[in-house]
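Inside the fold
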Amino acid sequence: MKAFTKKYIAKLVDTLKESDLDSISKIVDALDNTKGKIYIIGNGGSAATASHMVNDLGAGLRRRGIKSFDVESLSDNTPVCSALANDIGYKNIFYMQLKDRIKPEDILIAISCSGNSKNITKAVKYAKKIGSKVIGITGFDGGKLKKQSDINFHVDTDAGEYGIVEDMHMILNHIIYSYYISKA
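One structure accompanies this document, and this report is about it.

Reading the values: the criteria
Residues numbered from 1 in each chain as written. Predicted model: local features only at pLDDT ≥ 70, side-chain atom pairs only at ≥ 80, totals over all residues. Heavy atoms only, no water. Helix = DSSP H or I, 4+ residues; strand = E, 2+ residues; numbered from the N terminus. Buried < 20%, exposed > 50% of the residue type's maximum accessible area, 1.4 Å probe, protein only. Polar contact = N/O pair within 3.5 Å; in protein donor to acceptor, adjacent residues only side chain to side chain. Contact = heavy atoms within 4.5 Å. Axes fitted to C-alpha atoms, helices over the stretch in contact; angles between N-to-C directions. Parallel < 35°, antiparallel > 145°, perpendicular 65-115°, else oblique. Nonpolar A, V, L, I, M, F, W, Y, C, P; charged D, E, K, R; others polar. Pairing = 2+ DSSP bridges.

So, about the side chain of Ser75. On the secondary structure map, Ser75 appears in the loop between strand 2 (71-73) and helix 4 (78-88). For Ser75, a relative accessible area of 15% translates into the label buried. Within the structure, the side chain of Ser75 is placed 2.7 Å from the backbone oxygen of Gly42, a separation counted as a polar contact. Sequence-distant contacts of Ser75, that is, excluding residues within four places in its chain, are made with Ile40, Ile41, Gly42, Ala47, Ala50, Cys81 and Phe94.

Two numbers describe how helix 3 (residues 45-62) lies on helix 8 (residues 162-183): the axes approach to 10 Å, and their chain directions differ by 5 degrees. Considered as vectors, helix 3 and helix 8 are oriented roughly parallel to each other. Here Gly45, Ser46, Thr49, His52, Met53, Asp56, Leu57, Gly60 and Leu61 of helix 3 come into contact with helix 8, specifically with Glu166, His169, Met170, Asn173, His174, Ile176, Tyr177, Tyr180 and Ile181. Looking at side-chain class alone, the contact of helix 3 with helix 8 contains eight nonpolar, eight polar and two charged residues.

Okay, the sheet that holds strand 1 (residues 38-42) next. Ordered by their spatial adjacency, five strands build an open sheet running 2-1-3-4-5, and the pairing between neighbours is parallel. Of all the strands in the sheet, the pair left with one neighbour each is strand 2 and strand 5 (151-154). For this sheet, the mean angle separating the axes of adjacent strands, direction not counted, is 15 degrees. Pairing between strand 4 (residues 133-138) and strand 5: four bridges, direction parallel. Its bridge partner being in strand 5, Ile135 is matched across the sheet by Ile151. Lying over the sheet, helix 2 (residues 21-33) contacts strand 1, strand 3 (107-112), strand 4 and strand 5, oriented at roughly 135 degrees with respect to strand 5. Its contacts with the sheet place helix 3 against strand 1, strand 2, strand 3 and strand 4, and it is angled at close to 160 degrees to strand 2.

Structure follows, in structure tokens:
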């Protein structure tokens, strides 16, 4: 176990050192300049990251009087997600929540390790059609989401390295959150 842990930590540190600092700056600039709402979507571990981002960028910054983002995770409402999945298909759970709600001044943050989840790419396609800015947070080879995004934070790993990718996505959240805290 010790050898595995050392190897995992070394891989995470190496991946951290390769972080795209320009994309992080672009994400913060987009957040700073938004006049609309921020929607965040993700499946599985990425849904957990979406929820955590809402906590940090929403309540965490607001309660400190630092920033008051209007931010919502579309992954959080289990009854809505399961009803949509049951009634019209899982690929529609985010698209249908955005339909007739998202506006050109809004931002969609889409989190996907593979970048190929159909419910993510369908929602992104709709947001782009409306004229909203899309921030993609990806891993592996980035998939379709990497190409669809206006801004992309990408963690380049072998396919299936969910742990490293999801760790990096959460670290990205904490970098952004900590940046705002440090500015206050």
